Amino acid sequence: MSHESLKTVQLTVGGKTITLPILTGTDGPSVIDIRTLYAETGLLTYDPGFTSTASCDSTITFIDGDKGRLLYRGYPIEQLVEQSDFMEVSYLLMYGELPNVSQRAHFSQDITYHTLVHEQISDFYSGFGRDAHPMAIMVGVVGALSSFYHNSKETQDESTREVACWRLIAKMPTLAAMAYNYSVGRPFTYPKNNLSYAGNFLRMMFSVPSEEYILSPVLERAMDRILVLHADHEQNASTSTVRLAGSSAANPFACIASGIAALWGPAHGGANEAVLSMLTEIGTADRIPEFIKRAKDKNDPFRLMGFGHRIYKNYDPRAKIMRETCHEVLAELGVKNDPLLTLAMELERIALEDPYFIEKKLYPNVDFYSGIIFRAMKIPVSMFTVIFAVARTVGWVSQWREMISDPMQKIGRPRQLYRGNIERPFVPVEKRG
Ligand code: SDX
């Protein structure tokens with residue numbers, strides 16, 4: 001439904017008609033500007049889950065859910081995955097344009113320069129149990145970074161804000177690899193400045209002091225592609241969390257810690273871990289119908305993890321690319337007929353032929369195949385969402401930086417529909433029932 005020609009809408013409340021402007025962007029749905037609604041009518045809008053609400057305007061990422069399109073600063077995700085890499089995409093998301101040779105070199109150096117973390121950060125890890133979920137560790141240690149980089153300039157001065165973004169992009173792989181090494185009882189590995197972002201991450205995760213780490217170009221390329229695919233995605237739950245936290249001018253490191261917390265949920269970034277658990281529970285193809293039945297049963301809380309999306313009512317383009325990458329990585333690793341991939345593809349085939357999934361436009365999303373690649377790369381299930389967080393940090397900081405530098409920015413403070421008790425007098429304990 002196109003509303004390009006519409007400029008205003010009218011609303012009649014109690015005999016009074018007000019006119020509200022319609023704002024039209026460069027692509028996607030137009031919006032009704034309701035900023036004067038409460039002042040003019042005394043009425044609020046009601047939209048839990050923000051199914052029909054734009055929380056901001058942004059120039060960074062665009063999703064066309066009906067057509068299954070994803071653009072970073074206007075560039076289709078398929079072209080970026082094929083022709084670019086995570087460093088270039090990070091520059092693009094932060095600054096709005098693809099870098100030239102010099103800009104790319106300088107940006108890569110700016111990020112590389114900040115990959116080390118303060119030596120005292122490593123002390124935080126020993127406070128966690130060895131079996132602590134790495135996402136719990138990441139929430140803790142990224143939040144702790146705010147104690148090492150805290151001054152009010154963090155939010156007021158553009159160059160300080162930019163360095164905070166560089167630090168977060170640069171340090172997330174180091175902290176993530178430390179969380180993994182802590183969980184398996186291995187010493188932490190320092191970053192090496194002569195490696196790519198993805199290569200550095202893999203080496204910090206998997207190298208052991210007793211031998212030289214041989215970096216596989218296949219895994220390096222696969223990790224880079226996965227980071228690109230997960231880098232940003234409009235105003236999803238974790239990005240909205242970062243924006244809301246940032247709107248109070250909170251420390252940017254603390255804001256990113258809040259994004260990590262929101263991403264962890266199985267309805268959001270935690271779904272990649274949940275998909276692997278689900279596929280493992282299904283086990284064999286003959287059990288797929290039983291789980292499809294459960295997913296359709298309103299009385300059963302089970303949902304097909306890795307399926308469905310608030311915006312995509314078509315195939316998530318990232319899931320398509322992830323499925324292709326699955327085949328490539330498994331072939332390169334010499335893994336023939338991976339049973340989980342075979343099961344996942346059969347589950348996808350059956351679901352996509354089922355009237356329930358067709359009618360509700362439920363397709364595989366980014367999380368459906370990613371876990372299969374991670375597993376083939378010997379990444380433990382508990383680290384799947386951590387890798388999502390490493391990638392999404394550039395999206396979070398880019399969205400935070402766009403929000404905090406907007407002169408019209410205000411603190412986010414939603415209202416409510418109150419359904420509680422009306423005013424009543426206090427009852428002393430001796431008079432209570
Ligand atoms: C990510 O927002 C983003 O951009 C997120 C993300 C990003 O990059 O940041 O793309 C990453 O979070 C991907 C989503 C990962 N989550 C999962 O795979 C978990 C399984 N999916 C669902 O929980 C669900 O689809 C959501 C949370 C993803 C979306 O939920 P919505 O938009 O609130 O949709 P809904 O719950 O209103 O579902 C609509 C209908 C419902 O049935 P009715 O009440 O209309 O009868 O579809 C059903 C749901 O019950 N449904 C499912 C289902 N997903 C939705 N039924 C079975 N299995 C599912 N997976």
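Our structure's up above, just so we're on the same page.
Residues numbered from 1 in each chain as written. Predicted model: local features only at pLDDT ≥ 70, side-chain atom pairs only at ≥ 80, totals over all residues. Heavy atoms only, no water.

Draft legend 1. Seen up close, helix 18 (residues 367–376). The buried fraction of helix 18 is high, at 9 of 10 residues. Taken residue by residue, helix 18 has D367, F368, Y369, S370, G371, I372, I373, F374 and A376 as its buried positions. Of the surrounding elements, those touching the buried residues of helix 18 are helix 10 (217–229), helix 13 (271–282), helix 15 (317–332), helix 16 (339–352) and helix 19 (384–404). A positive backbone phi angle near 65° is found at K378, which sits one or two residues after helix 18. (Buried < 20%, exposed > 50% of the residue type's maximum accessible area, 1.4 Å probe, protein only. Helix = DSSP H or I, 4+ residues; strand = E, 2+ residues; numbered from the N terminus. Contact = heavy atoms within 4.5 Å.)

Draft legend 2. Local environment of the pairing of strand 1 (residues 8–13). In terms of strand pairing, strand 1 meets strand 2 (residues 16–23) through 6 bridges, oriented antiparallel. Following the sheet pairing, V9 is matched in strand 2 by L20. In textbook terms, the turn of a hairpin is the stretch between consecutive antiparallel strands, and for strand 1 and strand 2 this stretch comprises 2 residues, one of which, G14, has a positive phi near 55°. (Pairing = 2+ DSSP bridges.)

Draft legend 3. Fine view of the environment of N181. Considering the arrangement of structural elements, one finds N181 in helix 8 (residues 158–184). In sequence terms N181 and S55 are 126 residues apart; their C-alpha atoms lie 39 Å from each other. One polar contact links the side chain of N181 to the main-chain carbonyl oxygen of M204, over a distance of 2.8 Å. (Polar contact = N/O pair within 3.5 Å; in protein donor to acceptor, adjacent residues only side chain to side chain.)

Draft legend 4. Fine view of the sheet that holds strand 3 (residues 31–32). Read from one edge of the open sheet, 3 strands run 1-2-3, paired in antiparallel fashion. Unpaired on one side and paired on the other, strand 1 and strand 3 mark the two borders of the sheet. The pairing of strand 2 with strand 3 spans 2 bridges and is antiparallel. By the bridge assignment for strand 3, L23 is matched with V31.

Draft legend 5. Up close: the sheet that holds strand 6 (residues 75–76). Read across the sheet, 3 strands follow the order 4-5-6 without closing on themselves; strand pairing throughout is antiparallel. The open sheet terminates on both sides in strands that have one partner only, identified here as strand 4 (61–64) and strand 6.

Draft legend 6. Fine view of the packing of helix 9 (residues 197–206) against helix 10. Here helix 9 crosses helix 10 at 110°, and the two axes come no closer than 8 Å. By the angle class used here, helix 9 and helix 10 are roughly perpendicular. Read as a crossing pair, helix 9 and helix 10 show a hand that is right-handed. Residues Y197, A198, G199, F201 and L202 of helix 9 pack against L219, E220, M223, D224 and L227 of helix 10. (Axes fitted to C-alpha atoms, helices over the stretch in contact; angles between N-to-C directions. Parallel < 35°, antiparallel > 145°, perpendicular 65-115°, else oblique. Left-handed = near helix turned anticlockwise from the far one by under 90°.)

Draft legend 7. Here's a closer look at unusual backbone geometry. You will see that F50, though not glycine, has its phi angle at about 55°, which is positive. For F50, a relative accessible area of 54% gives the class exposed. For K361, which is not glycine, the phi torsion reads 55° and is therefore positive. Assessed through its relative accessible area of 41%, K361 is described here as partly exposed.

Draft legend 8. Layout of the packing of aromatic side chains. All chains considered together, the criterion is met by 16 aromatic pairs. Residues F86 and Y197 carry aromatic rings whose centres are separated by 5.0 Å and whose planes lie at 40° to one another, so their mutual orientation is tilted. Taken together, the residues span a long stretch of sequence, with F86 in helix 3 (residues 86–95) and Y197 in helix 9 at a distance of 111 residues. Geometrically, the ring pair formed by Y91 and F107 is edge-to-face, given 5.5 Å between the ring centres and 85° between the ring planes. (Phe/Tyr/Trp six-rings, centres within 6.5 Å; stacked < 30°, edge-to-face > 60°.)

Draft legend 9. Main features of the state of the cysteines. Applying the stated criterion to the full structure yields 0 disulfides. Of all cysteine sulfurs, the one in C255 lies closest to C56, which takes part in no disulfide; the gap is 15 Å. Relative accessible area serves as the criterion here: at 28%, C56 is assigned to the partly exposed category. Here C165 stays free of any disulfide, with the sulfur of C255 as its closest cysteine sulfur at 11 Å. Take C165: its relative accessible area is 0%, and that puts it in the buried class. (Disulfide = S-S within 2.5 Å.)

Draft legend 10. Looking closely at the pattern of salt bridges. As enumerated under the stated definition, the model contains 21 salt bridges in all. The shortest N-O distance in the salt bridge between R294 and D300 comes to 2.7 Å. For D354, the salt bridge is made with K296, and the minimal N-O distance between the two is 2.8 Å. With a gap of 58 residues between them, D354 in the loop between helix 16 and helix 17 (355–359) and K296 in helix 14 (residues 288–296) connect regions that are remote in the sequence. Among the residues examined, D354 registers a relative accessible area of 10% and is labelled buried. For K296, a relative accessible area of 32% translates into the label partly exposed. The network of salt bridges with common partners includes D27, D64, K67 and R69. (Salt bridge = Lys/Arg side-chain N within 4 Å of Asp/Glu carboxyl O.)

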